[in-house]
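# Structure at a glance
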Amino acid sequence: MYARLIMFTLGPNKRFLAEMIADRCNGMVRKLKGFNNIIYLMDDAAGEYGALTLWESKEDAEAAIQIVYPRVRRTLDDYVQVTPDIRLFEVYEPTI
């Protein structure tokens, strides 16, 4: 399993905006091949927001970012203060 982390800064107290972005992307992301789960992250006081998505494979995670990010970017470009940080991680799941 793989995790894709996207973090971006909108500025303090922009939760309404982060929720709008999440609402726009949620349905689309959930329909993509290999989707497992999504968790939205918010530090409203610091103005930092993000999403952690889980994918069945690295290929699914990489394909998803190619589909989702261009659409998200059109929205983010109007509001973000710095370029979003996008990272991919392999997920370790203990068997014990």
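Below, the structure is looked at part by part.

What counts as what
- Residues numbered from 1 in each chain as written.
- Predicted model: local features only at pLDDT ≥ 70, side-chain atom pairs only at ≥ 80, totals over all residues.
- Heavy atoms only, no water.
- Helix = DSSP H or I, 4+ residues; strand = E, 2+ residues; numbered from the N terminus.
- Pairing = 2+ DSSP bridges.
- Axes fitted to C-alpha atoms, helices over the stretch in contact; angles between N-to-C directions.
- Contact = heavy atoms within 4.5 Å.
- Phe/Tyr/Trp six-rings, centres within 6.5 Å; stacked < 30°, edge-to-face > 60°.
- Buried < 20%, exposed > 50% of the residue type's maximum accessible area, 1.4 Å probe, protein only.

In this structure, Asn13 takes a positive phi of about 60° despite not being glycine. Considering the arrangement of structural elements, one finds Asn13 in the loop between β1 (2–9) and α1 (15–30).

In spatial order, the strands read β2-β3-β1-β4; together these four strands make up an open sheet with antiparallel pairing. Single-partner strands in this sheet number two, and they are β2 (35–43) and β4 (85–90). Across the sheet, the axes of successive neighbouring strands diverge by a mean angle of 15°, strand direction being ignored. Direction of pairing for β2 relative to strand β3 (residues 48–55): antiparallel, over a ladder of eight bridges. Note that in β3 the partner of Ile39 across the bridge is Leu52. Contacts from helix α2 (residues 58–76) reach β1, β3 and β4 within the one sheet, and its direction differs from that of β1 by about 15°.

Turning to the packing of aromatic side chains, a few remarks are in order. As enumerated under the stated definition, the model contains one aromatic pair in all. Considering the side-chain rings of Phe35 and Trp55, the 5.6 Å spacing of their centres and the 80° angle between planes classify their relative orientation as edge-to-face. Pair noted here: Phe35 is in strand β2 and Trp55 is in strand β3, with a separation of 20 residues, a long-range link. Using a relative accessible area of 2% as the deciding quantity, one classes Trp55 as buried.

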